[in-house]
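# Structural features, examined
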Amino acid sequence: MPWVARVGRPLRLGTRASALATSQSEWVADRLRAAGHEVELVLVRTEGDVSRASLSEIGGTGVFASALRDALREGRIDLAVHSLKDIPTTPEPGLVIAAVPEREDPRDALVARDGLTLAQLPPGSVVGTGSPRRAAQLARTRPDLVVRDIRGNVGTRIDLVRTGELDAVVLACAGLARLGRLDEATERIDLATMLPAPGQGALAVECRDGDAPLQDHGVDAGITDADLARLLAEVLEHAPTRAAVTAERAVLARLEAGCTAPVGALATFVPGAGHVHGIPGALGADPDATDLDVPPLTLSVFVALQDLPQRQELTGTDPVHLGRTLADDLLNRLDPRTVRPDAAATGPGSPNTGV
């Protein structure tokens, strides 16, 4: 193991302490170990783990990432694993998202009493979620339901259904899968009903940017931060996932919205359109950078702007331009009643609008 021999210790992987966070961090660590690199997990407590207030009250955007990023800058850890949907879209000075592994199922899931689906919940049923995005789409699909704001880990939320306090909760399929609890979902909600958060189901593996030597207690290890970033990309990067989430996050960035905003987005590749080639930089220090050869992507977006829910699609081959173009179109059409069904398309594709 050349890294251990040269550094003199395992790679220190920072993670939040929750069961879900440690599960997905162990997934990353296992892949690095399989490639011959020793890894140890370092638990880092974040404000989002400590506070019981709603995400919108404690700042939302970046609340789960800031403590991990502080630990990276201070040299207490060498790399960090985040849920990509929790990371702000603005570049973080001195850090780089070196790898985006292959995505889990991005859909949302319903866990309901008596095995009910969303369509089968009786009027007046109480559904729990801490996500304004989910709440807005539930209100659009089932305005007869009562949506309650909740916090807590996956187990805590499911227990609210088991004890009868709630009729159902909405959770991410990816989180349930990583915890081995996907069989408790009574429905994987169709994408036509509910779009996920931008980046949902994907992980981000972050490390320090630049060519400074990797440090261990002030002793030069002979390996640079850039070496580690290359290693993470070689072992973990999944270019199609990177391209898709880059388009989704470009929407958020253009709307200047955070992870708690009522915005859903999912980019999927047009079937049979080819493969993604290259290593991108769109999630790194330069948000405009992209070194990808990308086949056509269809980007679907839901927004609740000015209490007027809108859903729209656009197809294109440049992930950043695609996300920005669709966001601009949404901003220019705040009132869906003004949208003409035969409106001419701008940018790399044709939009399909609908409420």
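So, how was this worked out
Residues numbered from 1 in each chain as written. Predicted model: local features only at pLDDT ≥ 70, side-chain atom pairs only at ≥ 80, totals over all residues. Heavy atoms only, no water. Helix = DSSP H or I, 4+ residues; strand = E, 2+ residues; numbered from the N terminus. Buried < 20%, exposed > 50% of the residue type's maximum accessible area, 1.4 Å probe, protein only. Contact = heavy atoms within 4.5 Å. Areas by Shrake-Rupley, 256 points an atom, 1.4 Å probe, with all protein chains shown as cover. Core = buried A, V, L, I, M, F, W, Y, C linked by side-chain atoms within 4.5 Å. Polar contact = N/O pair within 3.5 Å; in protein donor to acceptor, adjacent residues only side chain to side chain. Pairing = 2+ DSSP bridges. Axes fitted to C-alpha atoms, helices over the stretch in contact; angles between N-to-C directions. Lys, Arg positive; Asp, Glu negative; His and termini not counted. Salt bridge = Lys/Arg side-chain N within 4 Å of Asp/Glu carboxyl O. pLDDT = per-residue confidence, 0-100. Left-handed = near helix turned anticlockwise from the far one by under 90°. Nonpolar A, V, L, I, M, F, W, Y, C, P; charged D, E, K, R; others polar.

### Remarks on the overall build of the chain
Each helix and strand in the chain was counted, giving 10 helices and 16 strands. Burial status across the chain gives 54% buried among its 355 residues. Long-range pairs, those at least 24 residues apart, make up 69% of the contacts in the chain with a sequence separation of at least 6. Carbon together with sulfur atoms contributes 50% to the accessible area of the chain, which is approximately 14,900 Å² in total.

### Some points on the nonpolar core
Ranked by size, the top nonpolar core spans 22 residues in total, and within it V251, L255, V263, L299, V301 and V303 carry the most contacts. Put simply, the parts of the chain that give this core at least two residues each are α9 (239-255), β13 (263-269), β14 (297-305) and α10 (319-331). Ranked by the residues each element gives to this core, the list is headed by α9, at 6 residues.

### Comments concerning the environment of S125
Positionally, S125 belongs in the loop between β5 (108-112) and β6 (126-129). Given the relative accessible area of 4%, S125 is considered buried. Distance in space between the C-alpha atoms of S125 and L145 is 5.3 Å, their sequence separation being 20 residues. Engagement of the side chain of S125 in a polar contact is seen with the backbone oxygen of P122, the distance being 2.6 Å.

### Here's the deal with the sheet that holds β6
An order of β7-β6-β8-β5-β9 is seen for the 5 strands of this open sheet, with the pairing classed as mixed. Unpaired on one side and paired on the other, β7 (146-149) and β9 (187-188) mark the two borders of the sheet. The sheet contact formed by β5 and strand β8 (residues 168-172) spans 5 bridges and is antiparallel. Looking across to β8, one finds that D108 is bridged to A172. Against the sheet, helix α6 (residues 154-162) touches β5 and β8, its axis set at about 155° to β8.

### Concerning the side chain of R157
Of note, R157 is situated in helix α6. Of the side chains with opposite charge, D149 comes closest to the buried, unpaired R157, at an N-O distance of 7.2 Å. With residues up to four places along the chain from it excluded, the contact list for R157 reads G130, I150, R151, G152, V169 and L171.

### A few points about unusual backbone geometry
Glycine aside, the phi torsion of most residues is negative, and most peptide linkages are trans. Positive phi, normally seen in glycine, also occurs at D114, with a value near 60°. Note on placement: D114 falls in the loop between β5 and β6.

### Considering the confidence of the model for the chain
Within the chain, residue pLDDT values average 84, and 77% of them lie at 70 or more. In the predicted structure, residues 53-61 sits below a pLDDT of 50 and forms 20 contacts with residues beyond four places in sequence or in another chain.

### What to know about the pattern of salt bridges
According to the stated counting rule, one finds 26 salt bridges in the structure shown. Taking the shortest distance from any N to any O, the salt bridge between D225 and R208 comes out at 3.4 Å. Of the two residues, D225 is situated in helix α8 (residues 225-236) and R208 in strand β10 (residues 203-208); the sequence distance between them amounts to 17 residues. Like D225, the residue R208 is buried in the burial classification.

### Concerning the packing of α9 against α10
Between α9 and α10, the least distance of the axes is 7 Å, while the angle of their chain directions is 35°. For the crossing formed where α9 meets α10, the hand is right-handed. Taking contact as the criterion, the partners of A243, T246, A247, A250, V251, R254 and L255 in α9 are, on α10, P319, V320, L322, G323, R324, A327, D328 and L331. Looking at the contact of α9 with α10 residue by residue, the classes come out as 10 nonpolar, 2 polar and 3 charged.

### Describing the environment of G75
Tracing the backbone shows G75 in the loop between α4 (66-73) and β3 (79-83). A relative accessible area of 26% places G75 in the partly exposed class. In this structure G75 touches R12 and R208, once residues within four positions along its chain are discounted.

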